[in-house]
Amino acid sequence: MQTRIAGILNITPDSFHSESRCMTPEEIRRAALRICREGADMIDVGACSTRPGSTPVTEDEEMERLGLGLPVIADACPQMPLSVDTFRPAVAAGCMDEWNVAVINDVSGGSDEMFRTVASRGRGYILTFPGGTEGDIVEEMMSFFRDRLSRLAEAGVRDVTIDPGFGFGRGLMQNYSILAHLDRLAEFGVPVMAGVSRKSMAYRLLDITPEESLEATIALDTLAMTKGASWLRVHDVKETVQAVRIFEAFSKGNI
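Residue numbers run consecutively from 1 along every chain, following the written order of its sequence. Local features are withheld for residues below a pLDDT of 70 in this predicted model, meaning they are given only at 70 or higher, and side-chain atom pairs are given and counted only at 80 or more; totals for whole chains, interfaces and linings count all residues. To obtain the side-chain values, all non-hydrogen atoms of the structure were included, while hydrogens and water were left out.

### Considerations on the pairing of strand E2 (residues 42–46)
Note on classification: 1.4 Å probe, protein chains only; a residue is buried when its accessible area is under 20% of the maximum for its type, exposed when over 50%, partly exposed between these limits. In this text, helices come from DSSP runs of H or I with a minimum length of four residues, and strands from runs of E with a minimum of two, each type numbered from the N-terminal end. For E2, the buried fraction is high: 5 of the 5 residues fall into the buried class. Judged by which residues are buried, E2 turns out to be covered on both faces: Met42, Asp44 and Gly46 on one side and Ile43 and Val45 on the other are all buried. Two strands pair if DSSP finds at least two bridges between them. Inspection of the sheet shows strand E1 (residues 4–10) paired to E2 by 5 bridges, in the parallel sense. Across the sheet, residue Leu9 finds its bridge partner in E2, namely Val45. Of the strand pairs in this sheet, E2 and strand E3 (residues 82–85) are connected by 4 bridges, and their pairing is parallel. Residue pairing in the sheet places Val45 in a bridge with Val84 of E3.

Written as structure tokens, this is what we have:
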């Protein structure tokens, strides 16, 4: 299965990786053009930071930011599918109805209201595992996806990708345990997205900053591909595209 890349574009002043932040139409346009030029398959747009310790902006402010950015991105890259990173059904509905957004990327773990909202419009949905306990994180993840995928099917959502939710306040070893068992998600027969880009599991292990963690991110992305990830959600598209090309050529015996 070919690995696809979702390039991150944050219309926020406070996302954890400072270089991903865009707040003016000019910054948004430059970022969108770069993501397209460097070879992404989708642009994932966020307007409400979910970094640890952050306070979500209001629904109105999230929509205002998306209303600023989505038309600019669509104009800059008219053929590029867009996903919107939101946990609010009303925001998801507005993005799908007003700007024809193809995919909703919901980091909250979902709700029946969100499932109905996506199903009624026939769009794609990225389901993220948001949990994390002191117990067996992998078994908790598997149980979560069995339950939510069943509910999504009942709601009529047909295009689902699952994301194990690296980060999100989990301990370092919990994140690496999920990575080590990522191939178990093949049980569900749907695409798997890995979003490890510049997250704490890269930089804390090496005692560096997110800004210094590009090489660590590429290493983690490569490990995720060996475990069956078919989507990579990344800040650094060009470097990831190069890593994917080498990995796939090697895996297919072309080199």
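### Comments concerning the packing of aromatic side chains
Aromatic rings considered in pairs are described by the distance between their centres and by the relative angle of their planes. Pairs were defined over the aromatic rings of Phe, Tyr and Trp, the Trp ring being its six-membered one, requiring ring centres within 6.5 Å. Orientation was assigned from the angle between planes: stacked under 30 degrees, edge-to-face over 60, tilted for the rest. Per the counting criterion, the structure on display carries 5 aromatic pairs. Summarising the aromatic geometry, the rings of Phe129 and Phe144 are spaced 5.4 Å apart at their centres and angled 50° between planes, so their arrangement reads as tilted. On the criterion of sequence distance, the pair formed by Phe129 in the loop between strand E5 (124–128) and helix H5 (137–155) and Phe144 in helix H5 is long-range, its members being 15 residues apart. With a relative accessible area of 1%, Phe129 lands in the buried category. Phe144 gets classed as buried once you look at its relative accessible area, which sits at 10%. Consider the rings of Phe144 and Phe145, whose centres lie 5.3 Å apart with planes at 70°: the pair is edge-to-face. Through pairs of rings, three or more aromatic residues link up here, namely Phe129, Phe144, Phe145 and Phe188.

### Thoughts on the packing of helix H4 (residues 112–119) against H5
Between two packed helices, both the angle of their axes relative to each other and the distance between the axes serve to describe the pair. Each axis is a line fitted through C-alpha atoms, taken for helices only over the stretch in contact, and angles between the N-to-C directions span 0 to 180 degrees. Where H4 contacts H5, the two axes come as close as 9 Å, and the packing angle between them is 45°. Of the possible angle classes, the one that applies to H4 and H5 is oblique. Considering how the two elements wind past one another, H4 and H5 form a crossing that is right-handed. In this structure, H4 uses Asp112, Phe115 and Ala119 to contact H5, whose residues at the interface are Arg148, Arg151, Leu152 and Ala155. Lys, Arg, Asp and Glu make up the charged group, whereas Ala, Val, Leu, Ile, Met, Phe, Trp, Tyr, Cys and Pro make up the nonpolar group; the residues left over, Gly among them, are polar. Looking at the contact of H4 with H5 residue by residue, the classes come out as 4 nonpolar, no polar and 3 charged. When an angle is under 35 degrees it counts as roughly parallel; over 145 it counts as roughly antiparallel; between 65 and 115 it counts as roughly perpendicular; any other value is oblique. Crossing handedness: left-handed means the near helix sits turned counterclockwise from the far one by under a right angle, and right-handed means the same turn made clockwise. Residue contacts are defined here by distance: any two heavy atoms, one from each residue, within 4.5 Å place the two residues in contact.

### Quick notes on unusual backbone geometry
One non-glycine residue, Asn100, lies in positive phi territory at about 55°. Within the fold, Asn100 resides in the loop between helix H3 (89–99) and strand E4 (103–106). Given the relative accessible area of 58%, Asn100 is considered exposed.

### Re the environment of Ala202
Mapped onto the elements, Ala202 comes out in helix H7 (residues 200–206). Given a relative accessible area of 2%, Ala202 falls into the buried group. Linking Ala202 and Glu64, residues 138 residues apart in sequence, is a C-alpha distance of 33 Å. For Ala202, the residues in contact, after removing those within four places along its chain, are Ser213, Ala216, Thr217 and Leu220.

### Observations regarding the pattern of salt bridges
For salt bridges, the criterion is a side-chain nitrogen of Lys or Arg within 4 Å of an Asp or Glu carboxyl oxygen. Inspection of the entire model under this criterion finds 14 salt bridges. The closest approach of N and O atoms between Asp75 and Arg29, which form a salt bridge, is 2.9 Å. Linking Asp75 in helix H2 (residues 59–76) with Arg29 in helix H1 (residues 25–37), this pair joins segments that are 46 residues apart in sequence. With a relative accessible area of 54%, Asp75 lands in the exposed category.

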